[in-house]
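Close look at the chain arrangement
The primary structure of each chain is shown beneath.
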Amino acid sequence: MSPLREIAFTINGAPRRASVPLDMTALALIRDVLGFTGTKYGCGEGECGSCTILVDGASINACLMFAVDCDGRDLTTIEGMAVTPLGERLRDAFVAHGAVQCGFCTPGIVMQAASLLAHDQHPTREAIVRGIEGNLCRCTGYVKIVDAIAAAAVGEP
């Protein structure tokens, strides 16, 4: 068994502490220890984007980050994003544009979209496509997802 390390971090605005094995991923910490199950396990290799979270405001694949590297950091999951004005705008736009089908990829795409919109409040469609290209969806052709992000960018549902 891997040795444990005590870490302190903030998740969704709340300070937390945890003793984590050195080999535990941030994804396992978030889902299995802390119970934030909106962050999904997809591929475990950083290829699908289902586990996208924000770390100090930057989008990160939680499956590629060690839990010990969360020490001193500010993490945001879909649960934390959902209660923000931007999260609510993205949710409403995804619903209005039919951008949610099975929903498995949606949390990761919303987190990536939030990161994109935090850095570019008025992205072009091309910038939106580039911004979410690390997030895979098997149910859509991405058109409705891009439409939803574009609508959220201008404050429309």
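Our structure's up above, just so we're on the same page.
Read on for an overview of the structure.

Analysis parameters
- Residues numbered from 1 in each chain as written.
- Predicted model: local features only at pLDDT ≥ 70, side-chain atom pairs only at ≥ 80, totals over all residues.
- Heavy atoms only, no water.
- 1 Å grid on protein atoms, 1.4 Å probe; cavity = no way out; pocket = protein on both sides within 12 Å on 5 of 7 lines; lining within 4 Å.
- Points joined across faces, edges and corners; volume = space filled by probe spheres on them.
- Nonpolar A, V, L, I, M, F, W, Y, C, P; charged D, E, K, R; others polar.
- Axes fitted to C-alpha atoms, helices over the stretch in contact; angles between N-to-C directions.
- Helix = DSSP H or I, 4+ residues; strand = E, 2+ residues; numbered from the N terminus.
- Parallel < 35°, antiparallel > 145°, perpendicular 65-115°, else oblique.
- Left-handed = near helix turned anticlockwise from the far one by under 90°.
- Contact = heavy atoms within 4.5 Å.
- Pairing = 2+ DSSP bridges.
- Salt bridge = Lys/Arg side-chain N within 4 Å of Asp/Glu carboxyl O.
- Buried < 20%, exposed > 50% of the residue type's maximum accessible area, 1.4 Å probe, protein only.

For the largest pocket, the calculated volume is near 190 Å³. What lines the largest pocket is Gly42, Cys43, Cys48, Ser50, Cys102, Phe104, Cys105, Leu136, Cys137, Arg138 and Cys139. Here the lining of the largest pocket is composed, by residue class, of 8 nonpolar, 2 polar and 1 charged. Its volume calculated, the second largest pocket comes out at about 160 Å³.

Look at helix 3 (residues 85-96) against helix 4 (residues 106-119): their axes get within 10 Å of each other, and the N-to-C directions meet at 125 degrees. In this view, helix 3 runs oblique relative to helix 4, as classed from their interaxial angle. For helix 3 against helix 4, the interelement crossing comes out right-handed. Residues Leu86, Leu90 and Phe94 of helix 3 form the contact with helix 4, whose participating residues are Thr106, Ile109, Val110, Ala113, Ala114 and Leu117. When its residues are assigned to classes, the contact of helix 3 with helix 4 shows 8 nonpolar, 1 polar and no charged.

Before going further, it helps to examine the sheet that holds strand 3 (residues 52-55). Each strand in a sheet pairs with its neighbour through backbone hydrogen bonds, running either in the same direction (parallel) or in the opposite one (antiparallel). Taken in spatial order, the 5 strands of this open sheet run 2-1-5-3-4, and their pairing is mixed. The open sheet has two edge strands, strand 2 (14-21) and strand 4 (58-61), and neither has a second partner. The mean angle between the axes of side-by-side strands here comes to 40 degrees, regardless of whether they run parallel or antiparallel. Examined bridge by bridge, strand 3 and strand 5 (residues 74-76) share 2 bridges and lie antiparallel to one another. Across the sheet, the residue bridging to Val55 is Leu75, located in strand 5.

The tally for this structure, following the rule as stated, stands at 5 salt bridges. As a salt-bridge pair, Arg17 and Glu6 come within 3.4 Å of each other at their nearest N and O atoms. Of this pair, Arg17 sits in strand 2 while Glu6 sits in strand 1 (residues 4-11), and the two are 11 residues apart along the sequence. Residue Glu6 is classed as partly exposed on the basis of its relative accessible area, which comes to 39%. Between Arg130 and Glu126 there is a salt bridge; the shortest N-O distance is 2.8 Å. Taken together, the residues span about one helical turn, with Arg130 and Glu126 both in helix 5 (residues 125-131) at a distance of 4 residues.

This brings us to the packing of helix 4 against helix 6 (residues 143-153). For the pair helix 4 and helix 6, the least separation of the axes is 11 Å and the interaxial angle reads 40 degrees. Looking at the two axes, helix 4 sits oblique to helix 6. Read as a crossing pair, helix 4 and helix 6 show a hand that is right-handed. Residue-level contacts link Ile109, Ala113, Leu116 and Leu117 of helix 4 to Ile145, Ile149, Ala152 and Ala153 of helix 6. Residue composition of the contact of helix 4 with helix 6, by class: 8 nonpolar, no polar and no charged.

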